[in-house]
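Read off the chains here:
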Amino acid sequence: MKLLIVESPSKAKTIEKYLAGASASSADKFTVRASVGHIRDLPKSNKDAIDIEGGFIPRYEISKGKEKVVHELQTLGEKASEIILATDPDREGEAIAWHIEELLNADKKVKAPVKRVVFYEITKEAVEEALKNPRDIDTALRKAQEARRVLDRLVGYDLSGLIWKKVRYGLSAGRVQSPALRIIMEREREIRAFVPEKYWKILGLFETTKKGKLTL
């Protein structure tokens, strides 16, 4: 049995119909399940979420209410001959695929190889074509999402809370844009604080002789 994991339950049902009967062999039969979005995230408490002194290392935990999903994926993963991660083809989807892979690897009973595919449209032809072109998880995309999430938590998370207290409850500070704006402003302050200094480059051309031979 091959285990195919997507994000959306409706996509899972549609794709499973497309792949039903694709192979007469039970070993090549597809079981399609949905992660229903993210299955791991940072804890709600900022104190426990990120190890700043250790190098801004995020500490992930299984999202509340997703324990049953994780257990099902691990149980099916133990029986699978191959595991295919087909979460959405974007930064978030890449991160979700990575989190799923991490949790499957944490289950020592899961021995099947894990592959990554992307579906740019949900048609029978597109799904079958994508399955012919598996790849590894895109580390750059996954890290980009992680950096965004860490910045969100370190800057925007508290900033939104401040606005709730000072302006009105429920307003958003743009929890992702705010860290980016802060980085830009810090750089702008450095530029404005820069004191130019005059300097000159002096170029010289010298000739010397060594044992009668001229050297430039």
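What you see is a predicted model, and the numbers here were worked out from it, not measured in a lab. All residue numbers refer to positions counted from 1 along the written sequence of the respective chain. Per-residue local features are limited, in this predicted model, to residues with pLDDT of at least 70; the limit for side-chain atom pairs, both in listing and counting, is 80 or more; totals at the level of whole chains, interfaces and linings are taken over all residues. Side-chain numbers come from the whole structure's heavy atoms, not from hydrogens or water.

Draft legend 1. View of the pattern of salt bridges. Just to be clear on terms, a salt bridge is a Lys or Arg side-chain nitrogen sitting within 4 Å of an Asp or Glu carboxyl oxygen. Enumeration over the complete set of coordinates arrives at 15 salt bridges. Put simply, Glu72 and Arg33 hold a salt bridge, and the shortest N to O gap is 2.9 Å. Taken as a pair, Glu72 in helix 3 (residues 67–79) and Arg33 in strand 2 (residues 30–34) lie far apart in primary sequence, 39 residues in all. A 1.4 Å probe rolled over the protein chains alone gives each residue an accessible area, and that area as a share of the maximum for its type sets the label: buried under 20%, exposed over 50%, partly exposed in between. Residue classification places Glu72 among the partly exposed positions, given a relative accessible area of 34%. Judged by its relative accessible area of 26%, Arg33 is partly exposed. The shortest N-O distance in the salt bridge between Arg135 and Glu94 comes to 2.9 Å. Of this pair, Arg135 sits in the loop between helix 5 (124–131) and helix 6 (139–166) while Glu94 is found in helix 4 (residues 91–106), placing the two residues 41 residues apart along the sequence. For Glu94, a relative accessible area of 1% puts it in the buried group. Under the scheme used here, helices are H or I runs from DSSP no shorter than 4 residues and strands are E runs no shorter than 2 residues, and both carry numbers assigned from the N terminus.

Draft legend 2. Up close: the pairing of strand 2. Across the five residues that make up strand 2, a large majority, four, are buried. We call two strands paired when DSSP finds no fewer than two bridges between them. Inspection of the sheet shows strand 1 (residues 2–6) paired to strand 2 by five bridges, in the parallel sense. The partner of Lys2 across the bridge, within strand 2, is Phe30.

Draft legend 3. Main features of the packing of helix 4 against helix 6. Interaxial distance between helix 4 and helix 6 falls to 8 Å at its minimum, and their mutual angle equals 100°. The orientation of helix 4 relative to helix 6 falls into the category roughly perpendicular. The residues of helix 6 that touch helix 4, namely those facing Arg91, Glu92, Glu94, Ala95 and Trp98, are Leu141, Arg142, Ala144, Gln145, Glu146 and Arg148. Charged residues are taken to be Asp, Glu, Lys and Arg, nonpolar residues to be Ala, Val, Leu, Ile, Met, Phe, Trp, Tyr, Cys and Pro, and polar residues to be all remaining types, Gly included. A per-class count over the contact of helix 4 with helix 6 returns four nonpolar, one polar and six charged. In this description, a line fitted to the C-alpha atoms serves as the axis of each element, helices being fitted only across the stretch in contact, and the angle between N-to-C directions of two axes falls anywhere from 0 to 180 degrees. Orientation is classified from the angle alone, with under 35 degrees giving roughly parallel, over 145 giving roughly antiparallel, 65 to 115 giving roughly perpendicular, and any other angle giving oblique. Contact definition: two residues touch when any of their heavy atoms are within 4.5 Å.

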